[in-house]
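Below are the chains, spelled out letter by letter.
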Amino acid sequence: MPYFSLCCLLATMAAIVTAEKPYLLRLKFSTRPGDKSYSSRLVDEFTAHFIANNPGVEVRDSFIAPNNIPHLSYEEQEAGRVPEAKQSEEDQRHFKLASDLTGELIGASAVVIGTPMFNWGPPSALKAYVDRVVNVRTFQTPPVNLISGLPITLIIASGGPYSSDAPNSRPHMDFLRPYLKQVFTILGSSEDDLLFVNGDPTGPIDRGLLQESDASSGMSRARALLPAAAARIKRGDSGKSEL
Ligand SMILES: Cc1cc2nc3c(=O)[nH]c(=O)nc-3n(C[C@H](O)[C@H](O)[C@H](O)COP(=O)(O)O)c2cc1C
């Protein structure tokens, strides 16, 4: 075999061996045990639909439990602003967790995030995650849009009603959905890429006023959205989330 053809063959084989399998990235931010958390249970139900819709796609929980992501230290804040090519060895060490979380996010073919609302905004663990993935690699001028076309499903649980589909909703007190929309838009998501699945309000279920299975409960309304949400996956380089 001519030398050039052999090189091409070896390069192709190496690409096949190193190419990562497509994966669904799951991030759960509830502080409750899985079976007691509305948002985590909806993430699990989303996953079951996703597996049925996308056989062969790996399901991957983040390599670090989302509730274990530490607040940024001073050194980590500074390292997260130094362009990667200019980072010292020490910067690289301080940037590693942010870089690994960023790589895991931008490498995914679909993402599902389950989170409660805490005090009208994100729980601190979700904020700690955002403070890692918004960094010199992802947030630049002009924008680098590293996650454009990546379908992201945001499953939200809150005791009270804040989403547009909930009865007696108080959207003016909702700082969680606008916050998440802003963050992912800055990283490159389009309106089509982001899909909210609203599990609110959970309070009436906790108080025994509604059954989860009642058609008007937040959980029932959220469940109705899961099959379509879980059908979305980024394919190839079309740059668009596909159904
Ligand atoms: C610290 C804390 C703050 C909360 N803040 C709010 C809030 O601002 N609005 C609300 O409707 N529910 C609030 N809740 C209730 C939770 O959002 C609700 O119980 C939700 O179902 C929790 O999600 P999970 O079941 O997935 O853990 C709060 C709960 C806790 C523990």
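Presented here is a report on the structure given in the accompanying data block. The model shown is predicted, which means the values in this text are computed figures rather than measured ones.

### A look at the overall build of the protein chain
Each helix and strand counted, the protein chain has eight helices and seven strands in total. Counting over 243 residues, the protein chain shows a buried share of 35%. The contacts in the protein chain between residues at least 6 apart in sequence include a share of 77% that link residues at least 24 apart.

### Description of the sheet that holds strand 5 (residues 194–198)
Spatially, the five strands line up as an open sheet ordered 2-1-3-4-5, and their pairing is parallel. Of all the strands in the sheet, just strand 2 (58–61) and strand 5 have a single pairing partner and so form its edges. Averaged over all neighbouring strand pairs, the angle between strand axes comes to 20°, with direction disregarded. Pairing geometry for strand 3 (residues 110–116) and strand 4 (residues 152–157), over six bridges, is parallel. Bridge pairing links V112 to T153 in strand 4.

### Looking at the packing of helix 2 (residues 38–53) against helix 8 (residues 218–229)
Packed helix pairs are characterised by how far apart their axes lie and by the angle those axes make with each other. Here helix 2 crosses helix 8 at 30°, and the two axes come no closer than 9 Å. Judged on the interaxial angle alone, helix 8 and helix 2 are roughly parallel. Helix 8 is crossed by helix 2, and the crossing has right-handed handedness. Note on element contacts: helix 8 touches helix 2 through M219, A222, R223, L226, P227 and A229, opposite Y38, L42, E45, F46 and H49. Here the contact of helix 2 with helix 8 is composed, by residue class, of eight nonpolar, one polar and two charged.

### Let's talk about the site of the ligand
The immediate surroundings of the ligand are formed by 16 residues, with S30, S39, P116, G159 and G160 found nearest. The residue makeup of the shell around the ligand, split by class, is six nonpolar, nine polar and one charged.

### A short note on the pairing of strand 5
Here five bridges tie strand 4 to strand 5, and the two strands are oriented parallel to one another. If you follow I155 over to strand 5, its bridge partner there is V197. Each parallel crossover has a hand, and for strand 4 linked through helix 6 (residues 176–186) to strand 5 it is right-handed.

### Comments concerning the environment of I233
Tracing the backbone through its elements, the reader meets I233 in strand 6 (residues 233–234). For the pair I233 and V111, spaced 122 residues apart in sequence, the C-alpha separation works out to 8.8 Å.

Reading the values: the criteria
Residues numbered from 1 in each chain as written. Predicted model: local features only at pLDDT ≥ 70, side-chain atom pairs only at ≥ 80, totals over all residues. Helix = DSSP H or I, 4+ residues; strand = E, 2+ residues; numbered from the N terminus. Buried ≥ 20, exposed ≤ 12 C-beta atoms within 10 Å, placed from the backbone. Contact = placed C-beta atoms within 7 Å. Pairing = 2+ DSSP bridges. Axes fitted to C-alpha atoms, helices over the stretch in contact; angles between N-to-C directions. Parallel < 35°, antiparallel > 145°, perpendicular 65-115°, else oblique. Left-handed = near helix turned anticlockwise from the far one by under 90°. Nonpolar A, V, L, I, M, F, W, Y, C, P; charged D, E, K, R; others polar. Near = placed C-beta within 6 Å. Right-handed = clockwise from strand over helix to strand, strands pointing away.

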